[in-house]
Amino acid sequence: MKSINPLIANYHSQKLIQDKMQVICIKKLKNQIKLTKELLDKLRVHVRNHQFKEQKEEIYFFKHIKPSVCADLIYFKSQLKYQLSKPNTINSLSKNYLKNQLKKLESKKRKNLNFYKYYKQENTFLDNVYFLRENKQLDLFSADLSIHIDSEFYTSHDTLAAEVIAYDLLTNFYKKEINKLKAITAGKFNNSQNIKSPINWTASKTDLIELIYALKISGAVNTGHINTKELVTFFSSMFNIEVTNVYKTYSEIKNRNTERSKFLNKLLHDFEAKLEYDDGI
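One numbering rule holds for all chains: residues counted from 1, following each sequence as written. Residues qualify for local features only when their pLDDT is at least 70, as the model is predicted, and side-chain atom pairs are given and counted only at 80 or more; totals for whole chains, interfaces and linings, by contrast, use all residues. Note: side-chain values were computed over all heavy atoms of the structure, leaving out hydrogens and water.

Trainee: Now, about the packing of helix α1 (residues 5–20) against helix α2 (residues 25–49): what can you tell me, with residues and values included?
Mentor: Remark: α1 packs on α2, axes separated minimally by 10 Å, with the N-to-C direction vectors making an angle of 175°. Compared by their axis directions, α1 and α2 come out roughly antiparallel. Facing α1, whose interface residues are Leu-7, Ile-8, Tyr-11, Gln-14, Lys-15, Gln-18 and Asp-19, α2 presents Lys-28, Asn-31, Gln-32, Leu-35, Thr-36, Leu-39, Lys-42, Leu-43 and His-46. Here the residues of the contact of α1 with α2 are counted per class, giving six nonpolar, six polar and four charged. Axis angles are defined between N-to-C directions and span 0 to 180 degrees, where every axis is a line fitted to C-alpha atoms and, for a helix, only to the segment in contact. Each helix corresponds to a stretch of at least 4 residues labelled H or I by DSSP, and each strand to a stretch of at least 2 residues labelled E; elements are numbered beginning at the N terminus. Any angle between 65 and 115 degrees counts as roughly perpendicular, while under 35 counts as roughly parallel, over 145 as roughly antiparallel, and the rest as oblique. Should any heavy atoms of two residues lie within 4.5 Å, those residues are counted as being in contact. In this classification, Asp, Glu, Lys and Arg are treated as charged, Ala, Val, Leu, Ile, Met, Phe, Trp, Tyr, Cys and Pro as nonpolar, and every other residue, Gly included, as polar.

Right, here's the structure in full:
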């Protein structure tokens, strides 16, 4: 169905734009979920209004096109769940959480191992059973996608194919998160070896806390996948300054009567003044 190609191309273009946006991670994921759901709705309407020319075309759609989009939905939803429920505490708890997610993925894979192998090895001898709608009376292997309402838009195994694709995406994501936490832990260990940074923070501790919160909230560090305590530890070590009472200081910043982001405003003012000075040279 060549007429579907513009829908898919536009989706990938919009997904790339969303991925590059400098917004809070949770907001970005919600936007990506919305974008993916919108495409699924468009594909559902398109399939309802346009017949497949042949079985080969129908198989390709339900084996590759729809599962790829549904896999994105599983992937983004799982990431959002992780961001909302991950422990905002010490690394060991976060790593245990991620390892448990990996175990759940592996358990789901073992449960449907024969199909996983069939799909990953790009076999085709059962495609007419798995990916034609006339055979949807077979047992369903569904993810929680709420996409089975329309009987014209699913086969017996297209959502399981999506789970196969999502398995790889999520496995890589969780492993990267674990590696990030390991790197942070290793950095803390190195800092404990009396390796002193040659750079010193010369503004106030309150200014540093204001900057740290701004960096975390903006997603500028690890795309927001780091808690405030870890950022404070890193900056304290890098700038040779002991930062305490972080949350109390943040509360004081919030309760300022005027100019709550005083240090950030000063940074912006000084930088713009530098740009204007350079323009005049």
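After presenting the structure, the write-up continues.
Trainee: Break down the nonpolar core for me, citing the residues and quoting the values.
Mentor: By size, the foremost hydrophobic cluster in this structure holds 48 residues, and its most contacted members are Leu-43, Phe-61, Phe-115, Phe-131 and Tyr-174. Every element with two or more residues in this core is listed here: α1, α2, α3 (55–85), α4 (91–111), α5 (113–120) and α7 (158–191). In terms of residue count, the dominant contributor to this core is α3 (13 residues). Sequence-distant contacts of Phe-61, defined by excluding residues within four places in its chain, comprise Ile-4, Leu-43, Val-47, Phe-52, Lys-66, Pro-67 and Phe-153. Residues belong to one nonpolar core when they are buried, are Ala, Val, Leu, Ile, Met, Phe, Trp, Tyr or Cys, and are joined through side-chain atoms within 4.5 Å. Each residue gets one of three labels from its accessible area relative to the maximum for its type: buried under 20%, exposed over 50%, partly exposed in between, using a 1.4 Å probe on protein chains only. By size, the runner-up hydrophobic cluster in this structure holds 16 residues, among which are Ile-226, Ile-241, Val-246 and Ile-253.

Trainee: Help me get a handle on the environment of Asn-172, residues and values and all.
Mentor: Within the fold, Asn-172 resides in helix α7. Judged by relative accessible area, which is 47%, Asn-172 ranks as partly exposed.

Trainee: Tell me about α5, residues and numbers included.
Mentor: Among all positions in α5, only Phe-115, Tyr-116, Tyr-118 and Tyr-119 are buried. Viewed along the axis of α5, the buried residues span an arc of 165°, placing them on a single side of the element. Phi turns positive, to about 60°, at Glu-122, one or two residues after α5. Arc definition: it is the arc formed by the directions from the helix axis to the C-beta atoms.

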